[in-house]
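# An overview of the molecular structure
Residues per chain are reported as follows:
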Amino acid sequence: MEGREPSTRPSRTTPASPRVNPALVKRPRFQTLARFWEGQDVLARWTDGLLYLGIIKKVDSAQETCLVRFEDNSQFSVLWKDIFPPAVPGKEQLCCVCNSQACTPDNKLVHCGKCKHAYHQECHVPSVPCDTDSAGSSWMCRQCVFAVATKRGGALKKGPFARSMLQMKLSLPYQLKSLEWDPLHLTNKQQCYCYCGGPGEWNMKMLQCCRCLQWFHEACTQCLSKPLLYGDRVDVSHLVLYHLSICCKKKYFDFEREILSFVNENWESLLLGEVSYMIWNKHV
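Residues numbered from 1 in each chain as written. Predicted model: local features only at pLDDT ≥ 70, side-chain atom pairs only at ≥ 80, totals over all residues. Heavy atoms only, no water.

## Observations regarding the environment of valine 68
Mapped onto the elements, valine 68 comes out in strand β3 (residues 65-70). Considering only alpha carbons, one finds valine 68 and isoleucine 56, 12 residues apart in sequence, at a separation of 4.5 Å. Non-local contacts of valine 68, meaning those with residues more than four positions away in its chain, are made with Val42, Gly54, Ile55, Ile56, Ser74, Gln75, Phe76, Val78 and Ile83. (Helix = DSSP H or I, 4+ residues; strand = E, 2+ residues; numbered from the N terminus. Contact = heavy atoms within 4.5 Å.)

See below:
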């Protein structure tokens, strides 16, 4: 678990959260309510794509959110779909997606070796291979793979967790065509972005795919060679000023000492040719 950067958090204390279409997140209401309670320790996915430790202070069933207090004492409303509680004792044999014990020979319950949650093979995205729960298996669910592999500056590129993440990314945990976007295609009502399906802010270190137009977190993207800068898509001057204002929390900067110095030190990162090429050819 990494500490959140203060500059990436909204200024308001408890931002309003949009309602989520339950069909997209595959978590029935009765099952989700049973998993959340006041005082519960949870992992909550933030808009940067990373998971952070927090404690639930209030459960709002009408808005399908929880008020979560994080380790830095900040409090924010987090959608149910972006909260991951530990396995509840006595519930390990229930699928954490459909809340059912019913199994068939082709759709058994399998257990994540890290969080201990149970999943039906067909409820997990992507579906779990038939031999996963055999002796010696160390299968990890999608949430745990992303929790381990995502990093600031870009997800792991090598190792077993990186390979597992590549497999998870072959399918999305939501229906892309069902998302309801604003006119500029910057935000959607369901707050589902990236490969992880978590929340996001398009101008906070996210990349937009030029084909499907979805936004992807820097932390979940494995093809980047250098960290992204905070900024917009207008031009270099806007990008530099926006990035400096976010990082330094200032409104004014000395042109030669601060602006030009930053441009000279980060000139290669400001050249978008290579990033654009990767977006077109690797689909991020």
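## Brief notes about the pattern of salt bridges
Enumeration according to the criterion identifies four salt bridges in this entry. Note that glutamate 180 is salt-bridged to lysine 189, the shortest N-O span being 3.8 Å. With a relative accessible area of 52%, lysine 189 lands in the exposed category. Linking lysine 250 and glutamate 258 is a salt bridge whose minimum nitrogen-to-oxygen distance equals 2.8 Å. Owing to a relative accessible area of 18%, glutamate 258 belongs among the buried residues under this scheme. By sharing partners, the salt bridges in this structure join Lys250, Arg257 and Glu258 into a single network. (Salt bridge = Lys/Arg side-chain N within 4 Å of Asp/Glu carboxyl O. Buried < 20%, exposed > 50% of the residue type's maximum accessible area, 1.4 Å probe, protein only.)

## Considering the confidence of the model for the protein
A residue-level look at the protein finds 78% of positions with pLDDT of 70 or above and a mean pLDDT of 80. When mean pLDDT is compared element by element in the protein, β3 scores highest at 96, while helix α1 (residues 22-25) scores lowest at 42. pLDDT under 50 marks residues 6-33. Its contacts with residues more than four places away, or in other chains, come to 79 contacts. The low-confidence segment residues 274-284, where pLDDT is below 50, has 22 contacts with residues more than four positions distant or belonging to other chains. (pLDDT = per-residue confidence, 0-100.)

## Looking at the packing of helix α5 (residues 236-248) against helix α6 (residues 255-265)
At a minimum axis distance of 11 Å, the contact between α5 and α6 shows a crossing angle of 110 degrees. Here α5 is positioned roughly perpendicular relative to α6, judged by the angle of their axes. Once α5 is placed against α6, the crossing between them reads as right-handed. For the pair α5 and α6, the contacting residues are Val240, Leu241, His243 and Leu244 in the first and Glu258, Ile259, Phe262 and Val263 in the second. Residue composition of the contact of α5 with α6, grouped by class: six nonpolar, one polar and one charged. (Axes fitted to C-alpha atoms, helices over the stretch in contact; angles between N-to-C directions. Parallel < 35°, antiparallel > 145°, perpendicular 65-115°, else oblique. Left-handed = near helix turned anticlockwise from the far one by under 90°. Nonpolar A, V, L, I, M, F, W, Y, C, P; charged D, E, K, R; others polar.)

## Focus on the sheet that holds strand β5 (residues 83-84)
Here five strands make up an open sheet; going across it, the order is β4-β3-β2-β1-β5 and the pairing antiparallel. Bordering the open sheet on either side are β4 (75-79) and β5, each of which pairs with just one other strand. Relative to strand β2 (residues 51-60), strand β1 (residues 41-45) is paired through five bridges, and the arrangement is antiparallel. Bridge pairing in β2 links alanine 44 to tyrosine 52. (Pairing = 2+ DSSP bridges.)

## Re the packing of aromatic side chains
In this description, an aromatic ring pair is defined by two values, namely the gap between the centres and the angle between the planes. Throughout the structure, instances matching the rule amount to eight aromatic pairs. Judged by centre distance (4.6 Å) and plane angle (45 degrees), the ring pair of tyrosine 195 and phenylalanine 216 falls under tilted. Of this pair, tyrosine 195 sits in the loop between α4 (160-168) and β8 (206-208) while phenylalanine 216 sits in strand β9 (residues 215-217); the two residues are 21 residues apart in sequence, bridging distant segments of the chain. Exposure class is identical for tyrosine 195 and phenylalanine 216. Each is buried. Both rings, one in tryptophan 202 and one in tryptophan 215, keep their centres 5.9 Å apart while their planes meet at 50 degrees; by these two values the pair is tilted. With a gap of 13 residues between them, tryptophan 202 in the loop between α4 and β8 and tryptophan 215 in strand β9 connect regions that are remote in the sequence. Feature note: the residues Trp46, Phe70 and Phe76 constitute an aromatic cluster, connected by ring pairs. Directly above the ring of tyrosine 195 sits lysine 169, whose terminal nitrogen or CZ lies 4.4 Å from the centroid. (Phe/Tyr/Trp six-rings, centres within 6.5 Å; stacked < 30°, edge-to-face > 60°. Lys NZ or Arg CZ within 6 Å of the ring centre and 35° of its normal.)

## A few points about the packing of helix α3 (residues 142-149) against α4
Running from amino to carboxyl end, α3 crosses α4 at an angle of 130 degrees, the nearest separation of the two axes being 9 Å. Compared by their axis directions, α3 and α4 come out oblique. Read as a crossing pair, α3 and α4 show a hand that is left-handed. Of the residues in α4, those in contact with Arg142, Val145, Phe146, Val148 and Ala149 of α3 are Phe161, Ser164, Met165 and Met168.

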